[in-house]
Amino acid sequence: MDTDNLNREKLKNKKRVVIKIGSSSLTHMETGKLDLLKMEKLIRILCDLRGQGREVVLVSSGAIAAGRQALGGQKRPDTISEKQAYAAVGQARLMMVYQKLFSEYNYTAAQILLTKDTMTNEVSRYNAQNTFDELLKLGVIPIVNENDTVSTHEIQFGDNDRLSAIVAALIGADLLILLSDINGLYSDDPRQNPQAEFIGLVEEITPQLLVMGKSSAGSDVGTGGMSSKLAAARIATDSGSDMVIANGENVEIIHDIMSGEEKGTLFIAHTNLDFDLMNYIDHEY
Ligand code: GLU
């Protein structure tokens, strides 16, 4: 078996998995409304992973998008306070849908909203870590988002790609899956350059790779192009977690990835005994 296959085979044994889904994967492109069928499928797959004995954390965007719909599909929010208000409405909506779907399969979901403050303050970081541990022990599926209603620019993580990698590092996850509207990493933007090559395996995040990331950004209803995904890959792999970027158009891909199939781009973790999460969160307010 070649190394590529071997690395993929190892994904079958991952025990603590963080899965991030973006707003563009959760909503219908034409209307911006929640794609309920896809959400239903996603939750069924997460419950099944839990049923296999794995611990699962979902990082879900979509608060602002769901709020906008709940408020009658008004214009895209521009100001911070508009975004915060939309998120306050939408986060509750999102959770209502998630709670309902999880309960259909007899599982319980919990909400965890984080800000950068939670991470930079040692006491609250420690508390958050304990809460995650306790929830996972109880068999609950934590659903994480940034606490958009109170997070202004100065205290923002920036995007949920980074946030999910920080969560993976915080809880010592062994796999992070980023579901997006792109297949993975390409050598160039595949929509502009048909010669762009798909990269299935990344063993080291080199400066050359970071340059590639800049030119192959995704669309996005939410935030976060390829460069934020590479920033996430650096946090996750340095913390000891493998990471996969894959296309969330069909959420069954989670199952394929966890079965060792070569889907998306796999970034391999490396051991870093000096890992300190604080070095990856900028302190400048
Ligand atoms: N927290 C934002 C939301 O729920 C999304 C941020 C992101 O997708 O990166 O709408």
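Just so it is clear, the structure is predicted and the values come from calculations on it, not from any experiment.

Analysis parameters
- Residues numbered from 1 in each chain as written.
- Predicted model: local features only at pLDDT ≥ 70, side-chain atom pairs only at ≥ 80, totals over all residues.
- Heavy atoms only, no water.
- Helix = DSSP H or I, 4+ residues; strand = E, 2+ residues; numbered from the N terminus.
- Rg over C-alpha atoms; globule rule 2.2 N^0.38 Å.
- Buried < 20%, exposed > 50% of the residue type's maximum accessible area, 1.4 Å probe, protein only.
- Lys, Arg positive; Asp, Glu negative; His and termini not counted.
- Charge placed at Lys NZ, Arg CZ, Asp CG, Glu CD.
- Expected span 1.5 Å × (residues − 1).
- Core = buried A, V, L, I, M, F, W, Y, C linked by side-chain atoms within 4.5 Å.
- Contact = heavy atoms within 4.5 Å.
- Pairing = 2+ DSSP bridges.
- Axes fitted to C-alpha atoms, helices over the stretch in contact; angles between N-to-C directions.
- Phe/Tyr/Trp six-rings, centres within 6.5 Å; stacked < 30°, edge-to-face > 60°.

Engineer: With reference to specific residues and values, describe the overall build of the protein.
Structural biologist: A count of helical and extended segments in the protein gives 11 helices and 10 strands. The C-alpha atoms of the protein give 18 Å as radius of gyration, which agrees with the globular expectation for 285 residues (19 Å, within 12%). Dimensions of the protein, computed from the C-alpha atoms along their principal axes, are close to 50 × 45 × 40 Å. Put simply, the protein has 285 residues, and 51% of those count as buried. Here the protein carries 28 positive and 39 negative side-chain charges, and the mean point of each set is 5 Å from the other.

Engineer: Can you break down helix α10 (residues 226–239) residue by residue, with the values?
Structural biologist: Its 14 residues give α10 an end-to-end C-alpha distance of 20 Å, which sits within 8% of 20 Å, the value for a rise of 1.5 Å per residue. With 10 of 14 residues buried, α10 lies mostly within the body of the structure. Just downstream of α10, G240 is the residue with a positive phi angle, here 105°.

Engineer: Run through the nonpolar core, naming residues and quoting values.
Structural biologist: Counting residues in hydrophobic clusters, the biggest one holds 44 residues, and the most contacted among them are V18, L114, V144, L209, M243, F267 and L277. Contributions of two or more residues to this core are made by β2 (55–60), β3 (109–114), α7 (122–137), α8 (160–171), β5 (175–180), α9 (207–215), α10 and β9 (242–247). The biggest single contributor to this core is α8, with eight residues. In this view, V144 contacts V57, L58, V59, S60, I112, L114, F132, L163 and V167; residues no more than four positions away in its chain are not counted. Core analysis: the next-biggest nonpolar cluster, separate from the first, contains 37 residues, M39, L49, L94 and I257 among them.

Engineer: I'd like a rundown of the sheet that holds strand β8 (residues 201–202), residues and numbers included.
Structural biologist: Strand order across the open sheet formed by eight strands is β3-β4-β2-β1-β5-β9-β10-β8, with mixed pairing between neighbours. Each edge of the sheet is formed by a strand with only one pairing partner; in this case those strands are β3 and β8. Note: β5 against β9, six bridges, orientation parallel. In the strand pairing of β9, S180 is matched with N247. In the packing of helix α3 (residues 36–51) onto the sheet, the strands contacted are β1 (16–21), β2 and β4 (141–146), and the crossing angle to β2 comes to about 155°. Sitting on the sheet, α10 touches β5, β9 and β10 (265–267), and the angle it makes with β9 is about 155°.

Engineer: If you had to explain the packing of aromatic side chains to someone new, which residues and values would you point to?
Structural biologist: The geometry of two aromatic rings is summed up by the distance between their centres and the angle between their planes. Here the structure, examined in full by the defined rule, presents two aromatic pairs. Relative to F198, the ring of Y186 lies with its centre 5.2 Å away and its plane at 70°, an arrangement referred to as edge-to-face. Residue Y186 is located in strand β6 (residues 185–186), and its partner F198 is located in strand β7 (residues 198–199); the two are separated by 12 residues in the primary sequence. Look at F198 and you get partly exposed, because its relative accessible area is 37%.

Engineer: Give a detailed account of unusual backbone geometry, specifying residues and quantitative values.
Structural biologist: In this model, N106 sits at a positive phi of 70°, which is unusual for a non-glycine residue. Using a relative accessible area of 72% as the deciding quantity, one classes N106 as exposed.

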